[in-house]
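Coordinate inspection notes
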Amino acid sequence: MRFDLLLTVISKERGTVLPINYQYELSSWIYKVLNEGDPVFSEWLHENGYKTNDKPFKLFTFSNLIIPLYKVDNDRINILSDKITLIISFLPDEAIEPFILGLFKDRRLIVGDKKSQVAFEISQVTGLPPLSFERKMIFRTISPIFVDEYDLQRDSSKHLSPEDKNYSNIIHNNLIEKYRAFYNKEPDLAWPVTKIKVLGNPKSKMVEIKTGTAQVTKIRAFNFKFEIEGSKELIEVGYFGGLGRLGSQGFGCVEADK
C-alpha cells in the first residue's frame, strides 16, 4: 500500500523554515498516527516489527518531503510552496489496510527542531494505484538509500556507495530477510540474486538522526537512478517496505522511472 499525502503549509503559525534533517521527526509522527489508530498494532510494530531470526523489520518507508519550490540556506530549507507532498509506503498487510487511509486524513503535524519549525495540515490523502512488477525495472530514489557493511578489522560499520562491489549482495540479503519476516516463509531457492545497476551519478547525502541530542547519528546515504534485476517478489518487498536499511526512519523509498 502506498499513499500520497498532500500537505498545506500553515505559514502564519510557525513560519516556513525547516531543518534539513527532519526525517526523525516525520518518523515519530507516523508512529504517533499509527498509535492513535491502533495502539496494539503500533506498540507491536515499534517494539518488534516483523521478525526473522530475532531481527525486527518495521517494513514501511516514506519519501523526503517533495517541495516544488524551496531555497536552501546552510542547514535550513525555506519552503516557498503552499503545498508539498509526502509519500508513505507499507508492505501490503490485511492487518492495517482497512484503516490506514483514514488515519492520515485531516491531520496536523509540526516538523522541525528548537530553532525552526513548520506546521502542516493534511488536505488530501490518496491511495496510489498498484504497480506491475517485472524482473527488471528502473527506479529512482525519493528518499536516499542507506546500505552499510560491518568491518571486522575496524570494528565499525562502513556506509557503502551504490558503486561498491558488495552493494547489490547486501541489498539482496536484506530483501531476503524482509521477505522471510513479512511472509513467515522461505524464499524460492530458484530466485536470482538481486542486482543493482547505477544509472547516472549517485549523489551522497549526509543525514543526521536525533540532531542536537546525545544519541545523534550521522548516516551517509545516496540518491540515484538505477536498474534493479531479480525476482518480482523481492522487488515488490523493496518497493513497498524500502530498499536498504532504516526504511522506517525515512530511507530507501523509491518510485518507478523510465
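These lines cover the structure that appears in this document, whether it is placed above or below.

The rules we used
Per chain, residue numbering runs from 1 following the sequence as it is written. Local features in a predicted model are, by the rule used here, given only for residues with pLDDT of at least 70; side-chain atom pairs are given and counted only at 80 or more, and totals for whole chains, interfaces and linings are based on all residues. Note that water and hydrogens are dropped before the side-chain values are worked out from all heavy atoms of the structure. Two joining distances apply to patches: 9 Å for like charges and 5 Å for nonpolar side chains (Val, Leu, Ile, Met, Phe, Trp, Tyr), and every residue must have over 30% relative accessible area and no salt bridge. Each accessible area value is a Shrake-Rupley result obtained with a 1.4 Å probe; residue values ignore everything except the protein chains displayed when judging cover. Basic side-chain nitrogens of Lys or Arg form a salt bridge, by our definition, when they fall within 4 Å of a carboxyl oxygen of Asp or Glu. Think of it this way: Lys and Arg go in the positive column, Asp and Glu in the negative one, and His and the chain ends go nowhere. To locate a charge, the coordinates of NZ of Lys, CZ of Arg, CG of Asp or CD of Glu are taken. Each helix corresponds to a stretch of at least 4 residues labelled H or I by DSSP, and each strand to a stretch of at least 2 residues labelled E; elements are numbered beginning at the N terminus. Pairs of N or O atoms are called polar contacts if they sit within 3.5 Å, as long as, within protein, a hydrogen donor faces a hydrogen acceptor (for residues adjacent in sequence, only side-chain-to-side-chain pairs). A 1.4 Å probe rolled over the protein chains alone gives each residue an accessible area, and that area as a share of the maximum for its type sets the label: buried under 20%, exposed over 50%, partly exposed in between. What makes two strands pair is DSSP finding at least two bridges between them. For helices, the fitted line uses only the C-alpha atoms of the stretch in contact; every axis is such a line through C-alpha atoms, and the angle between N-to-C directions lies from 0 to 180 degrees. The span you would expect from a helix comes to 1.5 Å times its residue count less one. Note on ring pairs: Phe, Tyr and Trp rings are taken, using the six-membered ring of Trp, and paired if centres are within 6.5 Å. Classes follow the plane angle, with under 30 degrees stacked, over 60 edge-to-face and the rest tilted. Geometrically, a charge over a ring is one whose NZ (Lys) or CZ (Arg) sits within 6 Å of the ring centre while staying within 35 degrees of the ring normal. To form a nonpolar core, buried Ala, Val, Leu, Ile, Met, Phe, Trp, Tyr and Cys residues must be joined to one another through side-chain atoms within 4.5 Å. Note on contacts: a residue pair is in contact if any heavy atoms of the two residues lie within 4.5 Å.

**A word on a positive patch on the surface**
A cluster of basic residues, R154, K158, K165 and R220, forms a positive patch at the surface. Among the secondary structure elements, R220 is positioned in strand β15 (residues 217-229).

**Quick look at the side chain of S143**
With respect to the helices, strands and loops of the structure, S143 is situated in the loop between β11 (136-141) and β12 (148-151). A polar side-chain atom of S143 sits 3.2 Å from the main-chain carbonyl oxygen of F62. Of the polar contacts made by the side chain of S143, one reaches the backbone nitrogen of C253; its length is 3.0 Å.

**A word on unusual backbone geometry**
Look at D106: it is not a glycine, yet its phi comes out positive at around 55°. Residue placement: D106 occurs in the loop between α4 (97-103) and β9 (108-112). Judged by its relative accessible area of 69%, D106 is exposed. For L246, which is not glycine, the phi torsion reads 65° and is therefore positive. By secondary structure assignment, the location of L246 is in the loop between α6 (232-241) and β16 (254-256).

**Considerations on the sheet that holds strand β2 (residues 17-19)**
Spatially, the three strands line up as an open sheet ordered β2-β7-β6, and their pairing is antiparallel. The sheet terminates laterally at β2 and β6 (70-73), the two strands that pair on one side only. The sheet shows a mean angle of 25° between the axes of neighbouring strands, direction not considered. In this structure, β6 lies alongside strand β7 (residues 76-79), joined through four bridges in antiparallel fashion. Counterpart to K71 in the pairing with β7 is N78.

**Things to note about helix α5 (residues 167-183)**
Between its first and last C-alpha, α5 extends 24 Å over 17 residues, near the 24 Å set by a 1.5 Å rise per residue. Within α5, the full set of buried residues consists of Y167, S168, I171, H172, N174, L175, I176, K178, Y179, A181 and F182. One or two residues past the end of α5 sits N184, with phi positive at roughly 55°.

**Regarding α6**
In terms of residue burial, α6 counts as a mostly covered element, since seven of its ten residues are buried. Inspection of α6 places L234, I235, V237, G238, Y239, F240 and G241 among the buried residues, and these make up the whole buried set.

**A look at the packing of aromatic side chains**
A complete count under the given rule lists 15 aromatic pairs for this structure. Residues Y179 and W191 carry aromatic rings whose centres are separated by 5.1 Å and whose planes lie at 85° to one another, so their mutual orientation is edge-to-face. You can see Y179 sitting in helix α5 and its partner W191 sitting in the loop between α5 and β14 (195-209), a full twelve residues away along the chain. Across the pair, W191 and Y179 agree in class, each one buried. Taken together, F133, F139, Y167, F224, F226, Y239 and F240 form an aromatic cluster joined through their ring pairs. R2 extends its terminal NZ or CZ atom over the ring of Y239, reaching a point 3.8 Å from the ring centre.

**Quick look at the nonpolar core**
Judged by nonpolar contacts, the single largest core of 32 residues is most densely connected at L5, F104 and F120. Element by element, the count of residues in this core is highest for helix α2 (residues 23-37), at six residues. Filtering out sequence-adjacent residues up to four positions away, F104 remains in contact with L5, W29, I30, V33, I88, I122 and V125. Core analysis: the next-biggest nonpolar cluster, separate from the first, contains 27 residues, L59, Y167, F222 and L234 among them.

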